[in-house]
There are 2 protein chains.
Amino acid sequence: MNGKDGGEREMTRAQAPAAFEKFLRGRGLKLTRPRWVILEAALDRRDHFSADELADRLRKNPRPVSKASVYRTLALLKESGLLEEHDFGGGRKFYEQALGRTHHDHLVCIGCGQITEFQNPRIEHMQDQVTEREGFVSVFHSLKIFGYCRACRKRGVSADPQTAHLPREIVGIHGSTT
Amino acid sequence: MNGKDGGEREMTRAQAPAAFEKFLRGRGLKLTRPRWVILEAALDRRDHFSADELADRLRKNPRPVSKASVYRTLALLKESGLLEEHDFGGGRKFYEQALGRTHHDHLVCIGCGQITEFQNPRIEHMQDQVTEREGFVSVFHSLKIFGYCRACRKRGVSADPQTAHLPREIVGIHGSTT
DNA sequence: TCTGAGATTGAGACTGATTCTCAATATCAT
DNA sequence: ATGATATTGAGAATCAGTCTCAATCTCAGA
C-alpha cells in the first residue's frame, strides 16, 4: 500500500487535528464539534470517499452532523491540505487523505470501480516540459487512466468503451509505487 | 491549430453526416430533423462547447430543438465517435469534434478558462508502461494540467491554488503540437 | 465563570446540469 | 400510403452540491 506505511502514516494522522486547528485559527475560524467529528471521520478513511456518502453516514451518528456541515468542512480540509479532492467523472467528487502522502495518479477500472494509484516521475517531468514550453504555470494536474483491471479481465468483464460508464461507487483501492 | 488543418478537416467534415447516418442505421435509429440540426451545429464548432450552451442556442433557432434532444443527440454523436467528451470539472461536460483529429491532452487556465491542447507521445508511451505493469487494459485516459497561461501571468492574474475555481466558461482554445 | 461579538449550525429551500416521462408526432421499410 | 417504431418536446424529476437564516455555539476578555 504505497510503500512504507503504518508508522509514518500514523504519525501524520496524530498530527492532523493540531494542524487543522492551526489552520482554522489562522483564519479566525473555530474548532467546533461538527468539524471535529468530520475530521475524525475523514482521518479514519484510507480510501476514496465522497462527500455525500460521508454525510449520509454522519447523519445517522449518535451525534449527527448535517450535510451542509460535511460539505463545508470537507472544503476546509481540502484547503488546509489534509485532504485531496479528485474528480473521476460521474458527477461527484471524491476525497482522500493527503497528509504524509506523495503525489500520485490513478487507474480507474470501469468494470468494478476499483482505483489503483501509481507514481511515475518521468511522466511528471515531461509534463513540466510541456507546460514550460507553453509558458504555462502548472498549479495542479490530474492524470486518470480508465480501463479494465486485471481482475475484471480475468472475469471477462469488458464493455464497449463508448457505453462504459464511470463508476459512481469507488469500490476499493490498491496502491502501487513506480 | 494542431498541425495541418483545412483540407483534411474539411474532408472529414463533409463525410461526417454520412458517417452519422450510417451509425444510426446500424442501430435501427432514424435520422430526424432535430438530429440533423444538432449534428450541423456541432460540426460548425471548432472549440470546446457545452451541451446546455448549444441547447440554449438551438432553442432560439428558427427551427427550435429541445434541450432534451440536444443532450440525447450529443450522446449519440459521442458514441458514434464524431464528438469527444471532456470533463474539466466545474460540473458540466464539454464536447469537441473528434473526426480527423488525433488524441491530445489539455492545459486548462484557471485564470481565464482558456484551453490549450498538446500532444506528447512520450507521455503516452509511459502511460502504456504503467498500465502494462499493472495488468490493466487502458480504454481511454485524461490528462489535464491546470494552472495559469502565459497571458494571465503577464496580466498578473494568479490565485491561491486552493481557492482557484475551475472555469465554467471555456473562453478559447489554442492548439499546440508536441 | 460570565458575557457578548461573531462564527457556526442545521433544516430545508434552492441551483444548475442532466435525465426522465409520456402523449403527440415523425420516419421509413414495405 | 400505411403502420410499426422510433423520436420529439415540455416540463417534471433527479442529484450533488450550495445557500439562507434564525437559533446556537465558541472563545477571548472581563
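Residues numbered from 1 in each chain as written. Chains lettered and ligands numbered in written order. Predicted model: local features only at pLDDT ≥ 70, side-chain atom pairs only at ≥ 80, totals over all residues. Heavy atoms only, no water.

### Overview of the overall build of chain A
Next up, step 1: Looking only at helices and strands, chain A has six helices and seven strands in total.
Next up, step 2: Mapped in sequence order, the helices and strands of chain A form the string α-α-β-α-α-β-β-β-β-α-β-α-β.
Next up, step 3: Within chain A, buried positions represent 45% of all 178 residues.
Next up, step 4: In chain A, of all internal contacts separated by at least 6 residues, the share reaching a separation of at least 24 is 61%.
Next up, step 5: Carbon and sulfur atoms make up 51% of the accessible area of chain A, which amounts to about 9,200 Å² in all. (Helix = DSSP H or I, 4+ residues; strand = E, 2+ residues; numbered from the N terminus. Buried < 20%, exposed > 50% of the residue type's maximum accessible area, 1.4 Å probe, protein only. Contact = heavy atoms within 4.5 Å. Areas by Shrake-Rupley, 256 points an atom, 1.4 Å probe, with all protein chains shown as cover.)

### Here's the deal with the packing of aromatic side chains
Next up, step 1: Applying the stated rule across the entire model yields eight aromatic pairs over all chains.
Next up, step 2: Taking the centre distance of 6.2 Å and the plane angle of 10° together, the rings of A:Phe20 and A:Phe23 count as stacked. Note that A:Phe20 and A:Phe23 are positioned in helix H1 (residues 7–26) at a spacing of three residues, about one turn of the helix.
Next up, step 3: Of the residues examined, A:Phe20 reaches a relative accessible area of 0% and is grouped as buried.
Next up, step 4: Take A:Phe23: its relative accessible area is 17%, and that puts it in the buried class.
Next up, step 5: Between B:Phe49 and B:Tyr95, the ring centres sit 6.2 Å apart and the planes meet at 35°, which makes this aromatic pair tilted. Within this pair, whereas B:Phe49 is found in strand S1 (residues 49–50), its partner B:Tyr95 is found in strand S3 (residues 93–97), the two being separated by 46 residues in sequence.
Next up, step 6: Exposure remark for B:Phe49: the relative accessible area of 0% places this residue in the buried category. (Phe/Tyr/Trp six-rings, centres within 6.5 Å; stacked < 30°, edge-to-face > 60°.)

### Thoughts on the protein's contact with DNA strand C
Next up, step 1: Near DNA strand C lie 26 residues; those nearest to it are A:Thr32, A:Arg35, A:Ser69, B:Tyr71 and B:Arg92.
Next up, step 2: For DNA strand C, the fraction of atoms within 4 Å of the protein that belong to sugar or phosphate moieties is 71%. (Near = heavy atom within 4 Å.)

### Side note on the interface of chain B and chain A
Next up, step 1: Contacts between chain B and chain A engage 43 residues on the former and 42 residues on the latter.
Next up, step 2: Here chain B packs against chain A, burying approximately 4,000 Å² in sum over the two surfaces, 63% of which is carbon and sulfur.
Next up, step 3: Our enumeration of links across chain B and chain A arrives at 14 residue pairs in polar contact (both at pLDDT 80 or more).
Next up, step 4: Mapped by element, the contributors of at least two residues to the side of chain B that touches chain A are helix H4 (67–80), strand S4 (105–109), strand S5 (115–118), helix H5 (121–134), strand S6 (137–148) and helix H6 (150–154) of chain B.
Next up, step 5: The element best represented in the side of chain B that touches chain A is S6(B), accounting for twelve residues.
Next up, step 6: Here the residues of the side of chain B that touches chain A sort into 19 nonpolar, 15 polar and nine charged. (Buried area = accessible area lost by both parts, 1.4 Å probe. Polar contact = N/O pair within 3.5 Å; in protein donor to acceptor, adjacent residues only side chain to side chain. Nonpolar A, V, L, I, M, F, W, Y, C, P; charged D, E, K, R; others polar.)

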